[in-house]
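Below are the chains, spelled out letter by letter.
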Amino acid sequence: MLREIAAPTEQLFGGRTWVFDAWNDGGAREELVTTPDGEGMWSAVYRLNEGNAGSGSGLQAAYWNEPNFKGRPRLQRRDPVVHFDWGEGSPAPSVQPDGFAVRWRGFLVPQFTEATTLILTSDERARLWINGKRVIDRGAAPSPGESTTTLPLRAGKRYRLQLEDVEGEGEANCRLEWQSASLPRSTIPSRQLLPAGK
């Protein structure tokens, strides 16, 4: 079924102004979407309208139809944010719903100079590297949950980011959020993420 979805341009939350950044699938603020027969979910991502607002457009993503990142990816695309709840479905028609792997690459550009907590939520195995150093490793305990790391980050500086998520079977989700003294917990917006090669 074809439906129109729209999100408010701005929202006031906690006495601060948040502006629309992107839908989790990268769509515009107003767009026509085809909804699946079952349940479907779109999440609007907002960014705080303060600090060093970046000019990014998301991360480069590669998806494999096997869990070990071997061979050529089945799908390559740019994901504006990492905020996915695939349920028992798949990331795309060309990717199988179970036994897939995804790798996101690019740069994180912080809005504020301060200690920032990165929060990685996944239902199975996931790993996060910042500037080549593994800072979160959910590979040893493939169970649903979240892991965090706190790093001193500088506003406007590019930090190389790589995130890997491996789905076994059943429900699948992966989210990358941040939180700091200046930022309540929220999805890292696309404007603060640059694809690899930029």
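Just so it is clear, the structure is predicted and the values come from calculations on it, not from any experiment. (Residues numbered from 1 in each chain as written. Predicted model: local features only at pLDDT ≥ 70, side-chain atom pairs only at ≥ 80, totals over all residues. Heavy atoms only, no water.)

Please clarify how the overall build of the protein chain should be interpreted in this entry.
From N to C terminus, the protein chain includes zero helices and 17 strands. Expected size for 198 residues packed as a compact globule is a radius of gyration near 16 Å; at 16 Å, the protein chain falls within 12% of this value. For the C-alpha atoms alone, the extent of the protein chain along its principal axes is close to 45 × 40 × 30 Å. Counting every position in the protein chain, which comprises 198 residues, the buried fraction comes to 51%. Contacts in the protein chain between residues far apart in sequence, at least 24 positions, make up 70% of those at least 6 positions apart. Per element, the accessible surface of the protein chain, about 9800 Å² overall, is 46% carbon and sulfur. (Helix = DSSP H or I, 4+ residues; strand = E, 2+ residues; numbered from the N terminus. Rg over C-alpha atoms; globule rule 2.2 N^0.38 Å. Buried < 20%, exposed > 50% of the residue type's maximum accessible area, 1.4 Å probe, protein only. Contact = heavy atoms within 4.5 Å. Areas by Shrake-Rupley, 256 points an atom, 1.4 Å probe, with all protein chains shown as cover.)

Help me understand the nonpolar core in this model?
Most often, soluble globular proteins keep nonpolar side chains buried together rather than apart. Membership of the largest hydrophobic core comes to 40 residues, with the highest contact counts inside it found for Tyr63, Trp104, Leu108, Leu128 and Leu163. If sequence neighbours within four positions are ignored, Leu108 has contacts with Leu118, Leu153, Lys157, Arg158, Tyr159, Leu161, Trp178, Ile188, Gln192 and Leu193. Of all hydrophobic cores here, the second largest spans five residues; its members include Ala62, Trp64, Phe69 and Val166. (Core = buried A, V, L, I, M, F, W, Y, C linked by side-chain atoms within 4.5 Å.)

Just checking my understanding: could you explain the pairing of strand S8 (residues 83–87) for this structure?
Looking along a regular strand, one sees side chains alternate from face to face of the sheet. Most of S8 sits inside the fold, with four of its five residues counted as buried. Two elements, S8 and strand S15 (residues 172–180), share four bridges in a ladder whose sense is antiparallel. Bridge pairing links Phe84 to Cys174 in S15. (Pairing = 2+ DSSP bridges.)

Please clarify how the confidence of the model for the protein chain should be interpreted in this entry.
Segments scoring low in pLDDT should not have their predicted coordinates read at a detailed level. The share of residues in the protein chain with pLDDT of 70 or more is 90%, and the mean pLDDT across the chain is 87. Within the protein chain, the lowest mean pLDDT, 72, falls on strand S4 (residues 30–34), and the highest, 97, falls on strand S9 (residues 101–108). (pLDDT = per-residue confidence, 0-100.)

For this particular structure, what's the right way to read empty space enclosed by the protein?
A water-sized probe rolled over the atoms picks out the places where empty space is left. Here the structure, examined in full by the defined rule, presents one cavity of 30 Å³ or more. Each pocket or cavity is described by its volume, and for the largest cavity that value is around 30 Å³. For the largest cavity, the full set of lining residues is Pro110, Gln111, Phe112, Glu114, Thr116, Leu153, Trp178, Ser180 and Leu183. When residues of the lining of the largest cavity are traced back to their parent elements, those giving at least two are strand S10 (114–122) and S15. Class assignment for the residues of the lining of the largest cavity results in five nonpolar, three polar and one charged. (1 Å grid on protein atoms, 1.4 Å probe; cavity = no way out; pocket = protein on both sides within 12 Å on 5 of 7 lines; lining within 4 Å. Points joined across faces, edges and corners; volume = space filled by probe spheres on them. Nonpolar A, V, L, I, M, F, W, Y, C, P; charged D, E, K, R; others polar.)

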